[in-house]
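# Examination of the molecular architecture
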Amino acid sequence: MTEPVTALNTWIIVVTYNHQKYLTTLFGSLARLTHRNHHILVIDNQSTDGTREFLQTQSLLVKVIYQPENTGFCAANNLGMARAFAAGADVCVLLNTDTEVTPDFLDRLEASYRHQLQKGVNVGLLQPVILHQQRRDLLNTAGNAIHYLGFGWCKDNGCPRPAETQDREIISVSGACLYIPKAYYQQIGGFNPVFFAYSEDQDLSWRGLLQGYRHFCCSSAVIYHDYHFSKSTAKWYHVEKNRLMAVLQNYDRKTLLILIPALLGIELLILMYSVMGGFFTEKLKGYGFLIRHRSHIRTVRRQVQRQRTVPDTAFWTQFSSELVFSEIRNPVITWVVNPVLKAYFALVRRLL
């Protein structure tokens, strides 16, 4: 008889910050998990909306770390991963509070991970198919896109769920549900803590690509996401500073030099758009942040470039050449900006 496979020691990390309204749905779904070896660790970033009181009513199987301040999504998840892997975790699953999981999603992710390993794949991060909670026939993301100038978005958001039965190789996983094996964490690390929030999933995925890892969306694992696109000025601040940090840290010197005209051109366009969109001050604050943290950026860049094992050309074609935001429909982007970006993408490909 074949020996039963021992389930991987899997820790689910949930970061909360005034998310009480989502927790009944999330923890109700987590209580129905079929995975035989999972743990739940919550990091609360000093919530004041009743989240802490809710967490205190949960089973003793749910471990909670109450933080004295809001350290941000990135640092809190890093704390959770450090605690989990130190306690013997084989895998961590970083899960948003505004999600609802299916009972077997962990089992299916684990099966996908094992399958890729058995094929000899240098498997990095995984994610499930993430559907909209309110429209469960529509996709939120089956893998995020990364534009070659550092923008990221939920690819195919709002499209019908794909009928795929095979796992899809992707360039970036979604931070809404991110499956990170211990081997990847030990080699690549966690989130860049100075990101605070937003684009951290993209950066973590990108750093893995630089060391030859391949990321996948497990087509049979499903969760639901109460996704709402936010245009808040605080989000623009973090998204823009983090986009530039990822570009500055992850590209090699030659690629950066070739991209300078495109980067400068897109910065000018974003500055003009920020005036119309009401986040010009936040955009300028982002530049100030980059200047203040230039030493940190240089340190991270040196580390990333020293550890990389593959050139940018190895995965250049996986980058998006056009900006395709499902939430932002702008004829200037469609008919003016994208043709120029696409042509420059082709030029860079020839020059690299």
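Here the structure is a predicted model, which is why all the values come from computation and not from measurement.

This next bit is on the overall build of the protein chain. Looking only at helices and strands, the protein chain has 11 helices and 12 strands in total. Taken over C-alpha atoms, the radius of gyration comes to 20 Å for the protein chain, in line with the 20 Å a tight globule of 352 residues would show. By its C-alpha atoms, the protein chain is 60 × 50 × 40 Å across when sized along the principal axes. A fraction of 77% describes how many contacts in the protein chain between residues 6 or more apart in sequence connect residues 24 or more apart.

Inspection of every chain in the model, using the stated rule, returns 14 salt bridges. Of the charged contacts in the structure, one is a salt bridge between aspartate 203 and arginine 207, with a shortest N-O distance of 3.0 Å. Of the two residues, aspartate 203 and arginine 207 both sit in helix H6 (residues 200–209), 4 residues apart, roughly one turn of that helix. By relative accessible area, aspartate 203 is classed as buried at 1%. The class for arginine 207 is buried, based on a relative accessible area of 12%. Within the structure, one salt-bridge network assembled from shared partners comprises Glu240, Arg243, Glu267 and Lys283.

This paragraph deals with the packing of aromatic side chains. In this structure the tally under the stated criterion is 20 aromatic pairs. Taking 5.0 Å as the distance between ring centres and 80 degrees as the angle between the ring planes, the aromatic pair formed by tryptophan 206 and tyrosine 251 counts as edge-to-face. Taken together, the positions of tryptophan 206 in helix H6 and tyrosine 251 in the loop between helix H7 (233–250) and helix H8 (253–277) put the pair 45 residues apart, joining distant regions of the chain. As far as burial versus exposure is concerned, tryptophan 206 and tyrosine 251 are alike and both buried. Joined through ring pairs, the aromatic side chains of Tyr148, Trp206, Tyr251, Phe315, Trp316, Phe319 and Phe345 make up one cluster.

So, about the side chain of aspartate 44. Examined against the element boundaries, aspartate 44 turns out to sit in strand S2 (residues 38–44). In this structure aspartate 44 comes out as buried when scored by relative accessible area, which is 0%. In this structure aspartate 44 touches Thr16, Thr51, Arg52, Leu55, Ile65, Tyr66 and Gln67, once residues within four positions along its chain are discounted.

Here we come to unusual backbone geometry. Despite not being glycine, aspartate 156 shows a phi value in the positive range, around 65 degrees. Position of aspartate 156 relative to the elements: it lies in the loop between strand S9 (152–154) and strand S10 (168–170). By relative accessible area, aspartate 156 is classed as partly exposed at 34%. With phi around 70 degrees, serine 199 is a residue other than glycine that occupies positive phi space.

Okay, the nonpolar core next. In globular proteins that are soluble, nonpolar side chains generally tend to be buried together. Residues Cys92, Tyr148, Leu149, Tyr251, Leu259 and Phe319 are the most contacted members of the largest nonpolar core, which totals 78 residues. Looking at which element gives the most residues to this core, the answer is H8, with 7 residues. By size, the runner-up hydrophobic cluster in this structure holds 32 residues, among which are Leu55, Val91, Tyr179 and Phe216.

One can find histidine 35 in the loop between helix H1 (20–30) and S2. One polar contact links histidine 35 to glutamate 110, side chain to side chain, over a distance of 2.7 Å. Setting aside chain neighbours within four positions, we find histidine 35 in contact with Ala7, Leu8, Thr10, Leu106, Asp107 and Glu110.

Here the focus is a positive patch on the surface. A surface patch of like charges, here positive, comprises Arg294, Arg298, Arg302 and Arg306. According to the relative accessible area criterion, arginine 294 is partly exposed, its value standing at 47%.

Here we take up a nonpolar patch on the surface. There is a patch of nonpolar side chains on the surface, built from Leu257, Ile260 and Leu264 and spanning about 300 Å² of accessible area. Within the secondary structure, isoleucine 260 sits in helix H8.

All right, on to the pairing of strand S11 (residues 177–181) then. With 5 of its 5 residues buried, S11 lies for the most part within the structure. Alignment of strand S4 (residues 91–95) against S11, held across 5 bridges, turns out to be antiparallel. Counterpart to valine 91 in the pairing with S11 is proline 181.

Tallying each qualifying case throughout the model produces 1 cavity of 30 Å³ or more. There is about 30 Å³ of room inside the largest cavity. Lining the largest cavity we find Val129, Arg161, Pro162, Glu164 and Ser219. Of the residues contributing to the lining of the largest cavity, the split by class is 2 nonpolar, 1 polar and 2 charged.

Bringing the packing of H8 against helix H11 (residues 331–351) into the picture now. Helix-helix packing: each pair is described by the crossing angle between the helix axes and the interaxial distance. Across the interface, H8 lies against H11 with an axial gap of 10 Å and an inter-helix angle of 170 degrees. Our classification of the angle between H8 and H11 gives roughly antiparallel. Counted together, Lys254, Ile258, Leu259, Pro261, Ala262, Ile266 and Leu269 of H8 and Val337, Leu341, Tyr344, Val348 and Leu351 of H11 form the full contact between these two elements. Its residues assigned to classes, the contact of H8 with H11 shows 11 nonpolar, no polar and 1 charged.

What counts and what doesn't
- Residues numbered from 1 in each chain as written.
- Predicted model: local features only at pLDDT ≥ 70, side-chain atom pairs only at ≥ 80, totals over all residues.
- Heavy atoms only, no water.
- Helix = DSSP H or I, 4+ residues; strand = E, 2+ residues; numbered from the N terminus.
- Rg over C-alpha atoms; globule rule 2.2 N^0.38 Å.
- Contact = heavy atoms within 4.5 Å.
- Salt bridge = Lys/Arg side-chain N within 4 Å of Asp/Glu carboxyl O.
- Buried < 20%, exposed > 50% of the residue type's maximum accessible area, 1.4 Å probe, protein only.
- Phe/Tyr/Trp six-rings, centres within 6.5 Å; stacked < 30°, edge-to-face > 60°.
- Core = buried A, V, L, I, M, F, W, Y, C linked by side-chain atoms within 4.5 Å.
- Polar contact = N/O pair within 3.5 Å; in protein donor to acceptor, adjacent residues only side chain to side chain.
- Patch = residues over 30% accessible without salt bridge, like charges linked within 9 Å, V, L, I, M, F, W, Y side chains within 5 Å.
- Areas by Shrake-Rupley, 256 points an atom, 1.4 Å probe, with all protein chains shown as cover.
- Lys, Arg positive; Asp, Glu negative; His and termini not counted.
- Charge placed at Lys NZ, Arg CZ, Asp CG, Glu CD.
- Pairing = 2+ DSSP bridges.
- 1 Å grid on protein atoms, 1.4 Å probe; cavity = no way out; pocket = protein on both sides within 12 Å on 5 of 7 lines; lining within 4 Å.
- Points joined across faces, edges and corners; volume = space filled by probe spheres on them.
- Nonpolar A, V, L, I, M, F, W, Y, C, P; charged D, E, K, R; others polar.
- Axes fitted to C-alpha atoms, helices over the stretch in contact; angles between N-to-C directions.
- Parallel < 35°, antiparallel > 145°, perpendicular 65-115°, else oblique.

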